[in-house]
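Results of the structural survey
Residue strings, one per chain:
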Number of protein chains: 2
Amino acid sequence: MSKPPTENMARSTKQRTAILELLESDDAFRSAQDLHAILRESGSKIGLTTVYRTLQAFADAGMVDVMRLPGGDHLYRLCGAEEHHHHLVCRSCGKTVEVAGPTVERWAGKVAAEHGFTDVGHTLELHGLCASCSK
Amino acid sequence: MSKPPTENMARSTKQRTAILELLESDDAFRSAQDLHAILRESGSKIGLTTVYRTLQAFADAGMVDVMRLPGGDHLYRLCGAEEHHHHLVCRSCGKTVEVAGPTVERWAGKVAAEHGFTDVGHTLELHGLCASCSK
DNA sequence: CCTAGAGATGACAATCATTGTCAACACCTA
DNA sequence: TAGGTGTTGACAATGATTGTCATCTCTAGG
Ligand SMILES: [Zn+2]
Ligand SMILES: [Zn+2]
Ligand SMILES: [Zn+2]
Ligand SMILES: [Zn+2]
């Protein structure tokens, strides 16, 4: 069902390593363009296209979480848990907490069944102000 | 808090009437481009820009629901209820059911509080196959 | 340690939904 | 009915993402 982590990622390259290390050092969701800019500033000659492709590959492999801004842009973040989960994101500083939603999962299933729907999936994001940004 | 339904909509024009009637006759979510194409096919000379602007105005006024496709496109649908609700959409035929999620709202508030977050909002969509499309 | 060739890269062009512009137009009220 | 103001629509501009393709580089073999 889930793809092997290395599908479409046959080789290990310095570009992929750089992106991965950058992701590991960052807690918040970042756009491909942001990551590209950061890498260039630190001396890398990596291309924007490569950043896009690599992040997509990481996402396909389940290595990163993807979320979409209201504007439609893709944001990426290193994903620890392999299990299904959702995100509580600070809209000010980007701090993100991964949360499981058993209650929601159950509710979703019930609602779907009540209306005769099958094969139901869902998208869910929480966004607010974290403790420090609240002050 | 919520804006008056007519803000940014001072006048009544045949274009707005046409769009509204089209929305009233359709149960599923449609894109601005789809609606524009339909209107043109039925003889209207309405411009694409106008369709975009009008749908946005309707959305701002809370007259229509907006949802985003995975690809990022905006879809619009006439919205009956003024209250907060979510959607259960058939990914095959587009049939849509509006559902309230008191359970989810409560859960969201609790999770947010546990992590010290304030001013928390959320996005939630359910998508599956409706009864007829399931067969 | 070499080498071949599949994979990967990056500069650049192309896509495409959406937004910006602005002159011409059409509501609505006085 | 006339005017000014909100609206419209053709067209250009935007901007993130994707497509292209010649060049480069891993890495498995030899
Ligand atoms: Zn914060
Ligand atoms: Zn879930
Ligand atoms: Zn259906
Ligand atoms: Zn809700």
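That block above? That's the structure.
This structure is a prediction, so every number in the text was calculated from the model and none was measured. (Residues numbered from 1 in each chain as written. Chains lettered and ligands numbered in written order. Predicted model: local features only at pLDDT ≥ 70, side-chain atom pairs only at ≥ 80, totals over all residues. Heavy atoms only, no water.)

Observations concerning the protein's contact with DNA strand D
Definition in use: If even one non-hydrogen atom of a residue comes within 4 Å of a molecule or strand, that residue is called near it. Any N or O atom pair separated by 3.5 Å or less is treated as a polar contact, with the protein-specific requirement of one donor-capable and one acceptor-capable atom, and with residues adjacent in sequence counted only for side-chain atom pairs. Each helix corresponds to a stretch of at least 4 residues labelled H or I by DSSP, and each strand to a stretch of at least 2 residues labelled E; elements are numbered beginning at the N terminus. We call Asp, Glu, Lys and Arg charged. Ala, Val, Leu, Ile, Met, Phe, Trp, Tyr, Cys and Pro are nonpolar, and the rest, Gly among them, are polar.
In the region of DNA strand D, 23 residues are neighbours, and A:Tyr52, A:Gln56, B:Ala10, B:Arg11 and B:Arg53 sit closest. Here the atoms of DNA strand D within 4 Å of the protein split so that 63% fall in sugar or phosphate, with bases taking the remainder. A:Thr49 has a polar side-chain atom sitting 3.4 Å from a base oxygen of DNA strand D. Per-element tally for the surface near DNA strand D: the top contributor is helix H3 (residues 48-60) of chain A, with 4 residues. Classifying every residue of the surface near DNA strand D by side-chain character gives 4 nonpolar, 11 polar and 8 charged.

Regarding the relation of the copies chain A and chain B
The two chain copies are connected by a rotation around an axis plus a translation along it. The line we're drawing: A least-squares fit on C-alpha atoms brings the copies together, and the residues used are those whose pLDDT is at least 70 in both copies. What makes two residues a contact is simply this: any of their non-hydrogen atoms within 4.5 Å.
In the superposition of chain A on chain B (RMSD 0.1 Å, axial shift 0.1 Å), the rotation amounts to 180 degrees. Read as a symmetry element, the transformation amounts to a two-fold axis. Looking at the rotation axis and the C-alpha trace of chain A, the residue lying nearest is A:Leu124, at 2.2 Å. Interface overlap between copies is the fraction of interface residues in one copy that are interface residues in the other; for chain A against chain B it reaches 100%, indicating a shared surface.

What about the interface of chain A and chain B?
Test applied: Accessible surface is computed with a 1.4 Å probe, and the buried area is the amount of it that two parts give up when combined, taken over both parts together. A pairing counts as a salt bridge when a side-chain nitrogen of Lys or Arg comes within 4 Å of a carboxyl oxygen of Asp or Glu. Pairing between strands requires that DSSP locate at least two bridges from one strand to the other.
At the interface, 37 residues of chain A touch 37 residues of chain B. Contact between chain A and chain B buries roughly 2900 Å² in total, counting both sides, with carbon and sulfur atoms accounting for 65%. The tally of links between chain A and chain B comes to 2 salt bridges. The salt bridge involving B:Asp119 is made with A:Arg91; its shortest N-O contact spans 3.0 Å. Seen at the junction of chain A and chain B, the total is 15 residue pairs in polar contact (both at pLDDT 80 or more). Counting residues per element, the ones that place at least two in the side of chain A that touches chain B are strand S4 (86-90), strand S5 (96-99), helix H4 (102-114), strand S6 (118-129) and helix H5 (131-134) of chain A. Of all the elements, S6(A) adds the most residues to the side of chain A that touches chain B, at 12 residues. Sheet analysis places S6(A) next to strand S6 (residues 118-129) of chain B, joined by 9 bridges and oriented antiparallel.

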